Amino acid sequence: MFCYQCQETAMNKGCSMKVGVCGKTEEVANLQDLLIYALKGISLYSLKLREKGGVPEEDEKRFMFESLFATITNANFDKDVFVKRITRAFEIRDAIKARAAAAGADLSGVTHDCAIWNGTPAEYDAKAETVGVLATENEDVRSLRELTIYGLKGVAAYGSHAYHLGYKDDEIFAFAEKALAATLDDGMSADQLVALVMETGKFGVDVMALLDKANTETYGNPEITSVKIGAGTNPGILISGHDLRDMEALLKQTEGTGVDVYTHSEMLPANYYPAFKKYSHFYGNYGNAWWKQKEEFESFNGPVLFTTNCIVPPKADATYRDRVFTTGACGFPGFKHIEEAADGSKDFSEIIELAKKCAAPVEIESGEIVGGFAHNQVIALADKVIDAVKSGAIKKFFVMAGCDGRMKNREYYTEFAKALPNDTVILTAGCAKYRYNKLPLGDIGGIPRVLDAGQCNDSYSLVKIALALKDAFGLEDVNELPIAYNIAWYEQKAVIVLLALLYLGVKNIHLGPTLPAFLSPNVAKVLVETFGIAGIGTVEDDIKLFMGM
Ligand code: FS2
Ligand code: SF4
């Protein structure tokens, strides 16, 4: 096994032992590599089919995206799922190959092993060991190929959520196929690979825009909301992850049952949507970012539903093991998986029945937090914000979007938020917010000093807000705005958010708590020289640097 796709990778070099830092076993890590390899094989034939005017079937495109999604950090730990997906991938590959041939495509040039290998499940483990990340020997080529693939995983995750709501764009699927195939091409120069990375960023913007449209057209625009963080007296179900369609289904199915619904981690922003706020049994948010689940699922007492990552393997003596459910692309051996029915619906009745037998959650904190500052809401407040900037009441905005994580060095973000001068405002999205969203940072003339736009994909909102401010101030370049970027990353959705920002021309992004291990020294140098990317330093030095002191 060799995996270096996330921020917590061993020694900031790569997980290469029997189990990764995230708890992913060697077997699962290798099978994930083989699945990606099979998807590349599908892509080679899809491109040929497209040359002849054909397109993959809807279920084939969805399979591609959900397979990429399943390999994201902390999404799916279930070996059986990957074995089944690999088998299905080879079937799809061969079906598309047959359709491309029938359409008259010349397939004589498609000779790569991933397009022809046809092993049985008994041979997957051995094969998987030969097709991993290290199969690309040149470290710079490997770095750029993996940067592209990690970005694609993010695109696929967001694309899957949009798809669940009926929103799709074939150009995004076609790009994913092109990019996966390109990662096999030994003839590509470094410049061409850098261009591929940038193009991935473009599709990152497109897919986040698509998901924003899907979420807001279906559930309304997020609005300023006070979210309760305590606990009620009814039994509850805790829902985590990012999928709003699952959120809606759970709220509908729990209505009138005496069971309350609480969000965890990245599902917190569901509280900001008009379509969800109307449910009186939607209690609020319980707990913090993903990595605190081992304690928080114990005290919650009721069932937990994961709609996506981030899952943490439970301790051997965890009492909640039997009350955790997964759905969609995520999974964990021993957790019950809720499948989608043929008509697209999901039946959560087993979770609801279990909840009725559980005790109410133990309150671990109390009070309320405020969020819902996605683009529509902030743009509605634009006059107030612009006046505050013009009058000097707001000196600077800090985009502190991204992920949270377990490592001690992430305390930096709490300390940084505390140390920021009182005339600054934090714009956040993603689970990074839990490092500072409960601090008493106050407001500036009624504008809270932490504006939460939503989930990590709602970083798109932050971009829209920045572009609106640029226009309002009559500026040419988004980099002329009083906005600094101090972003925390953990998994591959943060990679696509970063690539999207780079594609939009945002410069001088600080990325922490460590720079990705998958950036080779030469690739890191390109990012530093072209985009001014930097790591983080001490809180004191960084505040001085950002504030120009
Ligand atoms: Fe946080 Fe985990 Fe949002 Fe990431 S809950 S690190 O999945 O995608 O962010
Ligand atoms: Fe290691 Fe991260 Fe890969 Fe898990 S996802 S094996 S922690 S690099």
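It should be noted that the structure appears before, not after, this text.
These numbers were taken from a predicted model, which means no experiment stands behind them.

Participant: Describe the pattern of salt bridges, naming the residues involved and giving the relevant values.
Facilitator: Going through the model one piece at a time under the given rule, you end up with 33 salt bridges. Residues Glu 26 and Lys 18 are paired through a salt bridge, measuring 3.0 Å at the closest nitrogen-oxygen approach. Arg 435 is the salt-bridge partner of Asp 404, the closest N and O atoms lying 2.6 Å from each other. Here Asp 404 is found in the loop between strand E9 (396-399) and helix H15 (411-419), whereas its partner Arg 435 is found in the loop between strand E10 (424-428) and strand E11 (443-444), with 31 residues between them in sequence.

Participant: Explain the pairing of E9 to me, and be specific about the residues and the numbers.
Facilitator: Here E9 shows two buried faces, one formed by Lys 396 and Phe 398 and the other by Phe 397 and Val 399. As judged from the four bridges shared by E9 and E10, these two strands associate in the parallel manner. Residue Lys 396 lies in a different strand from E10, and its bridge partner there is Thr 424. At this point the chain moves from E9, through H15, to the parallel E10, and the crossover so formed is right-handed. Pairing geometry for E9 and strand E14 (residues 483-488), over three bridges, is parallel. Bridging across to E14, Phe 397 finds its partner in Ile 483.

Participant: Residue-level account of the side chain of Thr 254, with values.
Facilitator: Its place among the elements puts Thr 254 in helix H9 (residues 244-254). For Thr 254, the side chain forms a polar contact with the main-chain oxygen of Leu 250, separated by 2.6 Å. Residues within four places of Thr 254 in sequence aside, it is in contact with Ile 237, Val 259, Val 261, His 281 and Ile 352.

Participant: For the site of ligand 2, give the residues involved together with the corresponding values.
Facilitator: As a matter of local geometry, ligand 2 sits amid Met 1, Cys 3, Tyr 4, Gln 5, Cys 6, Thr 9, Cys 15, Gly 20, Val 21, Cys 22, Lys 24 and Thr 73. Looking at the shell around ligand 2, its residues break down into seven nonpolar, four polar and one charged.

Participant: Can you lay out the packing of helix H6 (residues 139-164) against helix H8 (residues 190-219) for me, pointing to particular residues and giving the numbers?
Facilitator: Taken N-terminus to C-terminus, the directions of H6 and H8 make an angle of 15°; their axes are 9 Å apart at the nearest point. As far as their axial angle goes, H8 and H6 are roughly parallel. For the crossing formed where H6 meets H8, the hand is left-handed. Across the contact of H6 with H8, the residue classes break down as 18 nonpolar, six polar and one charged.

Conventions and cut-offs
- Residues numbered from 1 in each chain as written.
- Chains lettered and ligands numbered in written order.
- Predicted model: local features only at pLDDT ≥ 70, side-chain atom pairs only at ≥ 80, totals over all residues.
- Heavy atoms only, no water.
- Salt bridge = Lys/Arg side-chain N within 4 Å of Asp/Glu carboxyl O.
- Helix = DSSP H or I, 4+ residues; strand = E, 2+ residues; numbered from the N terminus.
- Buried < 20%, exposed > 50% of the residue type's maximum accessible area, 1.4 Å probe, protein only.
- Pairing = 2+ DSSP bridges.
- Right-handed = clockwise from strand over helix to strand, strands pointing away.
- Polar contact = N/O pair within 3.5 Å; in protein donor to acceptor, adjacent residues only side chain to side chain.
- Contact = heavy atoms within 4.5 Å.
- Near = heavy atom within 4 Å.
- Nonpolar A, V, L, I, M, F, W, Y, C, P; charged D, E, K, R; others polar.
- Axes fitted to C-alpha atoms, helices over the stretch in contact; angles between N-to-C directions.
- Parallel < 35°, antiparallel > 145°, perpendicular 65-115°, else oblique.
- Left-handed = near helix turned anticlockwise from the far one by under 90°.

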